[in-house]
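# Observations on chain architecture
Read off the chains here:
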Amino acid sequence: MSDETPICSAKGCRADAVWVLAWNNPKIHTPDRRKTWLACDEHREHLSQFLGVRGFLKDVVLLKEWETREAPEDSGP
């Protein structure tokens, strides 16, 4: 994992990401596939609407929660 702070995916925005927008285009992705965009508080609604209108938006969660979900389990030595 990178030490860099994730930034918002909105065009031209350099704010720290707070949200993960998980999406899927059913025409090209399998149903279980999730692509992600990151969003700051200011752009969360706009990016969610963009994906939602197209029927792509699957989930919106806090970045901290997403990182916890995605963290690999410790398999031990």
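Structural data are supplied above this passage.
All figures in this text were calculated on a predicted structure; none of them were measured in a lab.

Among all positions of helix H1 (residues 44-53), only Leu47, Ser48 and Leu51 are buried. Down the axis of H1, the buried set is contained in an arc of 100°. They therefore lie on one face. Of the surrounding secondary structure, the elements contacted by the buried residues of H1 are strand S1 (19-23), strand S2 (35-39) and strand S3 (57-62). Immediately downstream of H1, the backbone of Gly55 shows phi near 75°, a positive value.

On to the packing of aromatic side chains. In the structure shown here, the tally under the stated rule is three aromatic pairs. Ring pairing ties together the aromatic residues Trp23, Trp37, Phe50 and Phe56, which thus form one cluster. Directly above the aromatic system of Trp19 lies the positively charged group of Arg44, at a separation of 4.8 Å from the ring centroid. When the ring centre of Phe50 is taken as origin, the NZ or CZ atom of Arg54, which lies over that ring, is 3.6 Å away.

Taken in spatial order, the three strands make up an open sheet running S2-S1-S3, and their pairing is antiparallel. Bordering the open sheet on either side are S2 and S3, each of which pairs with just one other strand. Neighbour-to-neighbour, the strand axes of this sheet turn through a mean angle of 20°, independent of strand direction. Both S1 and S2 contribute to a ladder of five bridges, which runs antiparallel. Counted as the bridge partner of Val20 is Leu38 from S2. Against the sheet, helix H2 (residues 63-70) makes contact with S1, S2 and S3, and its axis sits at roughly 105° relative to S3, the strand it touches most.

What counts and how
Note on numbering: residues in each chain are counted from 1, in written sequence order. Since the coordinates come from a predicted model, pLDDT governs what is reported: local features require at least 70, and pairs of side-chain atoms require 80 or more to be given and counted, while whole-chain, interface and lining totals use all residues. Hydrogens and water molecules were not included; the side-chain quantities draw on all heavy atoms of the structure. Throughout this description, buried means an accessible area under 20% of the type-specific maximum (1.4 Å probe, protein chains only), exposed means over 50%, and partly exposed covers the range between. The way it works is that DSSP assigns letters per residue, a run of H or I at least four long becomes a helix, a run of E at least two long becomes a strand, and they are numbered from the N terminus. It is the directions from the helix axis to the C-beta atoms that the arc portrays. We call two residues in contact when some of their heavy atoms are within 4.5 Å. Planes of paired rings set the category: under 30 degrees apart is stacked, over 60 is edge-to-face and the rest tilted, where pairs are Phe, Tyr or Trp rings (Trp by its six-membered ring) whose centres lie within 6.5 Å. In this analysis the charged atom, NZ for Lys or CZ for Arg, is taken to sit over a ring once it is within 6 Å of the ring centre and within 35 degrees of the ring normal. Whether two strands pair comes down to DSSP finding at least two bridges between them. Where helices are involved, their axes are fitted lines through C-alpha atoms of the stretch in contact, as for all axes, and angles between N-to-C directions lie from 0 to 180°.

Shape is all these values report; function is a separate question.
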